[in-house]
Amino acid sequence: MTDFDDFYAAHYADLTVQVHAYFGDRHEAQDVVQEAFCRALARWRQVSGYDDPAAWVRRVAWNLATSRWRRLRTVRAFHSRQRGEPVVDGPGPEHLALVEALATLPAAQRRAMVLRYLADLPVAEIADRERVPEGTVRSWLHRGRVTLAARLGPAYTEVPHA
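In what follows, the accompanying structure is described. Counting restarts for each chain: residues are numbered from 1 in the order of the written sequence. Local features in a predicted model are, by the rule used here, given only for residues with pLDDT of at least 70; side-chain atom pairs are given and counted only at 80 or more, and totals for whole chains, interfaces and linings are based on all residues. Heavy atoms from the whole structure form the basis of all side-chain values; hydrogens and water molecules are not counted.

### Focus: the overall build of the protein chain
Helix and strand labels come from DSSP, where a helix needs a run of H or I of at least four residues and a strand needs a run of E of at least two; each type is numbered from the N terminus. Counting its secondary structure elements, the protein chain contains eight helices and zero strands. The linear arrangement of helices and strands in the protein chain, starting from the amino end, is α-α-α-α-α-α-α-α. Only protein chains enter the area calculation, which uses a 1.4 Å probe; residues under 20% of their type maximum are buried, those over 50% are exposed, and those in between are partly exposed. Within the protein chain, buried positions represent 35% of all 162 residues. Long-range contacts, defined here as pairs at least 24 residues apart, represent 63% of the contacts in the protein chain between residues at least 6 apart. Summed over its atoms, the accessible surface of the protein chain is roughly 9900 Å², and 53% of this surface lies on carbon and sulfur atoms. Any two residues whose heavy atoms approach within 4.5 Å are treated as being in contact. All accessible areas in this document rest on Shrake-Rupley with a 1.4 Å probe, and a residue is counted as covered only by the protein chains that are shown.

### Points about unusual backbone geometry
At D120, a position not held by glycine, the phi torsion is positive, near 60°. Looking at D120, the relative accessible area reads 49%, which means it is partly exposed. Unusually for a residue other than glycine, R131 sits at a positive phi of about 60°. Note on placement: R131 falls in the loop between α7 (123-130) and α8 (134-152).

### Side note on the nonpolar core
One finds V19 and F37 to be the most contacted residues of the largest nonpolar core, which totals 42 residues. Every element with two or more residues in this core is listed here: α1 (2-23), α2 (26-42), α3 (44-47), α4 (53-83), α5 (93-104), α6 (107-117), α7 and α8. The element that contributes the greatest number of residues to this core is α1, accounting for eight residues. Built from parts of two domains, this core gets at least three residues from each of domain 1 (1-93) and domain 2 (95-162). The residues touching F37, leaving out its near neighbours within four places in the chain, are F4, F7, Y8, H11, Y12, L15 and V57. Residues grouped as a nonpolar core are buried Ala, Val, Leu, Ile, Met, Phe, Trp, Tyr and Cys residues, joined through side-chain atoms within 4.5 Å. An automatic or database domain assignment is the source of the domain bounds shown.

### What about α6?
An α-helical turn contains 3.6 residues, so a residue and the one three or four places further along point in the same direction. By the criterion of burial, α6 is predominantly enclosed, with ten of the eleven residues buried. Of all the residues in α6, the buried ones are A108, Q109, R110, R111, A112, M113, V114, L115, R116 and Y117.

### Comments concerning the environment of L64
Within the secondary structure layout, L64 lies in helix α4. For L64, a relative accessible area of 16% corresponds to the buried category. Note: C-alpha distance between L64 and E28 (36 residues apart in sequence) is 9.8 Å. Dropping the residues within four chain positions of it, L64 is found in contact with V32, E35, A36 and R39.

### Concerning the packing of aromatic side chains
Two rings from Phe, Tyr or Trp (for Trp, the six-membered ring) form a pair when their centres sit within 6.5 Å of each other. Planes less than 30 degrees apart are called stacked, planes more than 60 degrees apart edge-to-face, and all others tilted. Counted under the stated rule, the structure contains ten aromatic pairs. Summarising the aromatic geometry, the rings of F4 and W44 are spaced 5.0 Å apart at their centres and angled 80° between planes, so their arrangement reads as edge-to-face. Here the residue F4 occupies a position in helix α1, and W44 occupies one in helix α3, the gap between them amounting to 40 residues. Its relative accessible area of 6% is what places F4 among the buried residues.

### Some points on the pattern of salt bridges
Whenever Lys or Arg places a side-chain nitrogen within 4 Å of a carboxyl oxygen from Asp or Glu, that contact is recorded as a salt bridge. With the rule as written, the count across this model stands at eight salt bridges. Among the ionic pairs, E134 bridges to R138, the shortest N-O distance being 3.5 Å. Of this pair, E134 and R138 both sit in helix α8, four residues apart, which is roughly one turn of that helix. Judged by its relative accessible area of 46%, R138 falls in the partly exposed class. It is possible to trace a salt-bridge network through shared partners that takes in E28, D31 and R68.

So, in structure tokens, the structure goes:
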């Protein structure tokens, strides 16, 4: 069990940050990452044998986040039709702007941006995980940066690495 405990301690925070950036809600990100780790623990004998167990947990967490996002979108649409009230989002304007801008990206671009700039994965690894050529990932990253720069303005155009 200490093998799983060490794995959990080494990867929980990074995966939570990545899912938070993808999903836009820190508490939901923590919940889905926890659930993904619970599922990994239930299959730890199998998952620990994978080349990259963290990738399996990330995929499960992203799938859970996507499912929750779809359910939440449906609920919000229902409530907005019922009450006619706008849905009020959380924290500060910069956070909101970034989350909203990321949400406008196609899912593949959003995943590529999160993996590259938050998980700090190389383009080759992202391409392998997404099962696409490296050129496709570079294209997604370029398009994502252009879209985010246009939506967020010059204050956000600094990119730590391309």
